[in-house]
Amino acid sequence: MPSRLRVDSRPLPEARPRNRRGVVVMVALALVVALVTARIVTSEWVPRGVLPDRVQDLITLATSLLVESLPFVVLGIALSVVVRVWLPEGLIVRVLPRTPVLRRAALSLVGMFLPVCECGNVPLARGFVVRGLTVGESMTFLFAAPIINPITIVTTHQAFGFDDGILVARLLGGFVIANLLGWLFSRHPDPSSLLTARFNAECATDAGPASSRWSQSVDLFVRESATLLPALTVGAIVAGAVQTVVPRSVLIALGSDPLWSVLALMALALVISVCSNVDAFFILPFASTFMPGSIVAFLIFGALVDIKMLALLRTTFTVRTLLIVTGIVALSSAAIGWGVDLVV
């Protein structure tokens, strides 16, 4: 059995005071409202040409990413509260298989019952770690759930059916990569070093005394919102800014090359940061330009690693951990994409 999370022995930062957490949440929500208001104002009342095109595009793209992701993040935080506060102690660990490989395989399928996009899975995975799962096991769920969930499966089938094995390759690829990550990080001798000092502190203080479950739930919801909402907002703005700078025409020009088409669509997935529940419809118009393997690489890589997702993951994992994860996912997605092109 892999070792459980050991809280880092180094001095840990104190938890944010409640009033500071509340201020952070209010600032993040105010920024979301400001972006939405700016989008409405610039589209309805500001004539075209008054603002630079790139500024209008930035507002539109950043707002779209926020509106698309925010409900799932809030749902994910709510599910995390249920896992950390309302489920009996040790229940998750007890119901899973004891064999590590089977345990991770089972966690890969949890997304079928919790159809939350990749953004909403981050707070839920944090809750799993707090309630006794190893970092490797939590990662297995985190990177399998965006692909192996009913909404993603249905939308991918509606977009591509079973043509060129795109749906099957996406499901199998997501399962394999998630379990590969889970296995690799389960071998790490010091799992707490994979996590940020702040989240280690969360793990250390989560088991402390509480007055009631309801007060715990409210406090935890505010705490997680204060951590994740600013990261989501910054990630959406950065993703929108990158899209206004990098011309898509450069990526599309590479679409017919067997090697570069895969890398081009992976780069597009990193930049676009579209939700895994709808990314199949986004990439569908490119299906006649790009090879099937590049479509598969886009659907796998973008669901697991993009700018917005990395900003959220940074609230939990160290930069070194994220670099390793990104490298493994990128190499695996590219290999699967090239493999699909060889078979098809």
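Residues numbered from 1 in each chain as written. Predicted model: local features only at pLDDT ≥ 70, side-chain atom pairs only at ≥ 80, totals over all residues. Heavy atoms only, no water.

Topic: the nonpolar core
Then comes step 1: If you look at the biggest cluster of nonpolar residues, it comprises 80 residues, and the most contacted ones within it are F143 and I283.
Then comes step 2: Residues within four places of I283 in sequence aside, it is in contact with F160, L265, L268, I295, F298 and L299. (Core = buried A, V, L, I, M, F, W, Y, C linked by side-chain atoms within 4.5 Å. Buried < 20%, exposed > 50% of the residue type's maximum accessible area, 1.4 Å probe, protein only. Contact = heavy atoms within 4.5 Å.)

Some words on the environment of G173
Then comes step 1: Among the secondary structure elements, G173 is positioned in helix α8 (residues 166-186).
Then comes step 2: With relative accessibility at 4%, the residue G173 sits in the buried group.
Then comes step 3: Along the primary structure G173 and A144 are separated by 29 residues, whereas in three dimensions their C-alpha atoms are 9.4 Å apart.
Then comes step 4: For G173, the residues in contact, after removing those within four places along its chain, are I300 and I336. (Helix = DSSP H or I, 4+ residues; strand = E, 2+ residues; numbered from the N terminus.)

Focus: the packing of aromatic side chains
Then comes step 1: Per the stated rule, a full pass over the model turns up 3 aromatic pairs.
Then comes step 2: Between F128 and F141 the ring centres are 5.0 Å apart and the planes differ by 75 degrees, which places this aromatic pair in the edge-to-face class. In this pair, F128 is assigned in helix α5 (residues 118-130) and F141 in helix α6 (residues 135-144), connecting sequence segments 13 residues apart. F141 carries the same exposure label as F128, and that label is buried.
Then comes step 3: When the ring of F282 is compared with that of F298, the centres are 6.0 Å apart and the planes differ by 15 degrees; the resulting orientation is stacked. With a gap of 16 residues between them, F282 in helix α13 (residues 279-283) and F298 in helix α14 (residues 292-304) connect regions that are remote in the sequence.
Then comes step 4: The exposure class assigned to F298 is buried, which follows from its relative accessible area of 2%. (Phe/Tyr/Trp six-rings, centres within 6.5 Å; stacked < 30°, edge-to-face > 60°.)

Details of the packing of α8 against helix α16 (residues 319-343)
Then comes step 1: Put simply, α8 and α16 touch, their axes get as near as 10 Å, and they point 145 degrees apart. α16 is crossed by α8, and the crossing has right-handed handedness. Contacts between α8 and α16 involve A169, G173, I177, L180, L181, L184 and F185 from the first element and T321, I324, V325, I328, V329, S332, S333, I336 and V340 from the second.
Then comes step 2: The residue makeup of the contact of α8 with α16, split by class, is 12 nonpolar, 4 polar and no charged. (Axes fitted to C-alpha atoms, helices over the stretch in contact; angles between N-to-C directions. Left-handed = near helix turned anticlockwise from the far one by under 90°. Nonpolar A, V, L, I, M, F, W, Y, C, P; charged D, E, K, R; others polar.)

Some points on unusual backbone geometry
Then comes step 1: The backbone of D164 sits at a positive phi, close to 60 degrees, despite the residue not being glycine.
Then comes step 2: The topology assignment puts D164 in the loop between α7 (150-160) and α8.
Then comes step 3: Judged by relative accessible area, D164 falls into the partly exposed class, the value being 42%.
Then comes step 4: At S273, a residue that is not glycine, the phi angle is positive and equals roughly 60 degrees.
Then comes step 5: Within the element layout of this structure, S273 appears in the loop between α12 (260-272) and α13.

Re a nonpolar patch on the surface
Then comes step 1: On the surface, L259, W260, L263 and W338 cluster together into a nonpolar patch covering about 370 Å² of accessible area.
Then comes step 2: Topologically, L263 is positioned in helix α12. (Patch = residues over 30% accessible without salt bridge, like charges linked within 9 Å, V, L, I, M, F, W, Y side chains within 5 Å. Areas by Shrake-Rupley, 256 points an atom, 1.4 Å probe, with all protein chains shown as cover. Salt bridge = Lys/Arg side-chain N within 4 Å of Asp/Glu carboxyl O.)

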